[in-house]
Amino acid sequence: MERIAVLTSGGDSPGMNACIRATVRRALGRGLSVLGAKKGYEGLIDDEFTAMSSSDVSNIIQRGGTILHTARSPRFLEAEGRARAAENLRNRSVDGLVVIGGDGSFRGASDLFNEHSIPVVGVPATIDNDIWGSDLTIGYDTAVNTALEAVDKIRDTAAAHDRLFIIEVMGRSAGFIALEVGIGTGAEAVLIPETRTDLQAVCDKIQGRIRRGRTSNILIVAEGDEAGNAFEIAAKIFDLSGLKSRVTVLGHVQRGGSPTTADRVLASKLGWAAVEALMDGAWPCMVGEVDNTVVRHPLADSWTNRKALDPLLLTLSDNL
Ligand code: ADP
């Protein structure tokens with residue numbers, strides 16, 4: 001192996017830059033040359049590559065976003081797009097590809113290996129933490145802390161005005177962000193896709209609290225919850241109980257910002273590990289961290305398995 005390429009794909013997450021840096025520096029350290037593909041799989045298809053030196057990744061470990069940019073690539077969903085991507089990689093003598101992204105990106109990488117024998121290694125980076133095979137994904141810790149800070153601020157105004165706030169957080173079809181933010185902010189209720197949502201029970205709980213003189217109430221809703229989005233839930237709660245609420249959708253603020261130490265360190269470990277996996281011929285695989293140990297899994301395991309929520313966190317959320 002003499003040359004590898006690295007790209008970031010799908011939704012961005014804080015820590016992607018730290019991962020690019022580690023991948024580039026480890027590869028250079030192992031005597032490889034490195035190309036960065038721009039805008040995820042779009043860059044592979046359009047032959048948009050840039051040579052990456054050690055100084056190209058200086059001063060980026062603390063920055064959110066991704067210097068390589070990211071994109072969703074409908075063309076890569078077609079066999080023709082993937083064939084062109086493989087051809088460009090071959091023309092540029094790329095022997096291996098590191099894909100930093102979520103499970104969609106991993107599926108694409110897997111197709112590239114199955115159809116064109118391109119050695120691929122996936123690094124899990126998404127704020128949603130919804131990838132099996134790594135206890136945490138790059139960006140999750142930062143997103144949770146960003147959301148937590150925002151909810152703390154909303155708690156102040158909720159308490160000042162005796163209000164019920166319904167706050168929607170990201171997470172796609174998983175409730176990891178909502179659950180931890182809910183516990184961390186002492187939210188009165190947390191609605192997540194993994195558990196059945198009983199809005200009548202939520203209303204009863206809040207009305208009980210109001211009767212006991214507790215006038216600030218925070219409800220955290222994961223964007224994928226079955227009861228609907230935060231505005232729909234607010235309307236349903238009003239219909240069920242007459243309770244009025246204010247809605248805040250935290251949205252993309254959760255994607256940005258400087259990564260936490262935990263995310264920078266995880267990204268550094270996994271960027272390093274991705275290069276090692278390529279050099280060891282362990283592809284196609286994803287690298288992750290389980291119980292504080294860096295591990296490799298077959299790439300497809302990342303989406304054929306569903307990552308479970310910690311049952312203790314559910315208990316804490318329901319009972320504290
Ligand atoms: P994420 O990687 O964050 O889950 P997406 O699901 O949007 O983000 O996937 C990123 C890109 O990966 C898509 O735009 C597409 O190009 C590619 N991709 C996603 N799913 C597949 C698939 N099933 N087969 C091939 N490529 C895919």
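Keep in mind that what you see is a predicted model, and the values were worked out from it rather than measured. All residue numbers refer to positions counted from 1 along the written sequence of the respective chain. With the structure being a predicted model, the display of local features is reserved for residues of pLDDT at least 70 and the display and counting of side-chain atom pairs for 80 or more, all residues being used for whole-chain, interface and lining totals. Calculation of side-chain values draws on the structure's entire complement of heavy atoms; hydrogens and water are dropped beforehand.

Student: Run through the domain arrangement of the protein, naming residues and quoting values.
Tutor: Under the domain assignment used here, the protein contains domain 1 (3-139 + 259-304) and domain 2 (141-256). The straight-line distance from the C-alpha centre of domain 1 to that of domain 2 is 34 Å. Two residues qualify as a contact provided that any one of their heavy atoms is within 4.5 Å of a heavy atom in the partner residue. Of the residues lining the interface, 14 residues belong to domain 1; the matching set on domain 2 comes to 13 residues. The buried area of a pairing is the accessible area, by a 1.4 Å probe, that goes missing from both parts when the two are put together, added over both. Carbon and sulfur atoms supply 49% of the area that domain 1 and domain 2 bury against each other, a total of about 1200 Å² over both sides. Criterion for a salt bridge: a side-chain nitrogen of Lys or Arg within 4 Å of a carboxyl oxygen of Asp or Glu. Note that D12 is salt-bridged to R255, the shortest N-O span being 3.1 Å. Two N or O atoms form a polar contact when they lie within 3.5 Å of each other; inside protein one atom must be a possible hydrogen donor and the other a possible acceptor, and for residues adjacent in sequence the pair counts only when both atoms belong to side chains. Summed over the shared surface of domain 1 and domain 2, the number is twelve residue pairs in polar contact (both at pLDDT 80 or more). Residues of the side of domain 1 that touches domain 2, tallied by class, amount to four nonpolar, five polar and five charged. Residue ranges assigned to the domains are those given by an automatic or database domain assignment. When residue character is reported, Ala, Val, Leu, Ile, Met, Phe, Trp, Tyr, Cys and Pro are called nonpolar, Asp, Glu, Lys and Arg charged, and the others, Gly included, polar.

Student: Let's hear about the pattern of salt bridges: which residues, and what values?
Tutor: Taken as a whole, this structure holds 18 salt bridges when the rule is applied. For R26, the salt bridge is made with E276, and the minimal N-O distance between the two is 2.5 Å. With R26 in helix α1 (residues 16-29) and E276 in helix α9 (residues 261-279), this residue pair connects regions lying 250 residues apart in the sequence. Note on exposure labels: buried denotes an accessible area under 20% of the residue type's maximum, exposed denotes more than 50%, and partly exposed covers the range between, all computed with a 1.4 Å probe on protein chains only. Given a relative accessible area of 19%, R26 falls into the buried group. Across the pair R75 and E42 runs a salt bridge, and its minimum N-O distance is 3.1 Å. Note that R75 is positioned in the loop between β3 (49-51) and α3 (79-91) and E42 in helix α2 (residues 41-45), a separation of 33 residues in sequence. Note on R75: relative accessible area 33%, which makes it partly exposed. By relative accessible area, E42 is classed as buried at 18%. Bridged by salt links that share partners, the residues D103, R107, D128, D130 and R172 form one connected network. By the criteria applied, helices consist of DSSP H or I runs no shorter than four residues and strands consist of E runs no shorter than two, each listed in order from the N terminus.

Student: Give a description of the side chain of N129 that names residues and reports values.
Tutor: Here N129 shows up in the loop between β5 (120-124) and α5 (140-161). The exposure class of N129 is buried, given its relative accessible area of 3%. From its side chain, N129 meets the backbone nitrogen of T137 in a polar contact 3.0 Å long. Engagement of the side chain of N129 in a polar contact is seen with the side chain of K307, the distance being 2.8 Å.

Student: I'd love a proper account of the site of the ligand, names of residues and values included.
Tutor: One heavy atom within 4 Å of a molecule or strand makes the whole residue count as near it. Looking at the ligand, there are 17 residues lining it, with R72, S73, G102, G104 and S105 nearest. The separation between an oxygen atom of the ligand and a polar main-chain atom of G11 is 3.3 Å. At a separation of 2.5 Å, an oxygen atom of the ligand approaches a polar side-chain atom of S105. The pocket and cavity definitions rest on a 1 Å grid over protein atoms only: a 1.4 Å probe that fits but cannot leave marks a cavity, an open set with protein on both sides within 12 Å along at least five of seven lines marks a pocket, and residues lining either have an atom within 4 Å of a point. Any molecule with more than half of its atoms within 2 Å of a cavity's or pocket's grid points is counted as sitting in it. Among the cavities detected, the one that contains the ligand is the largest pocket.

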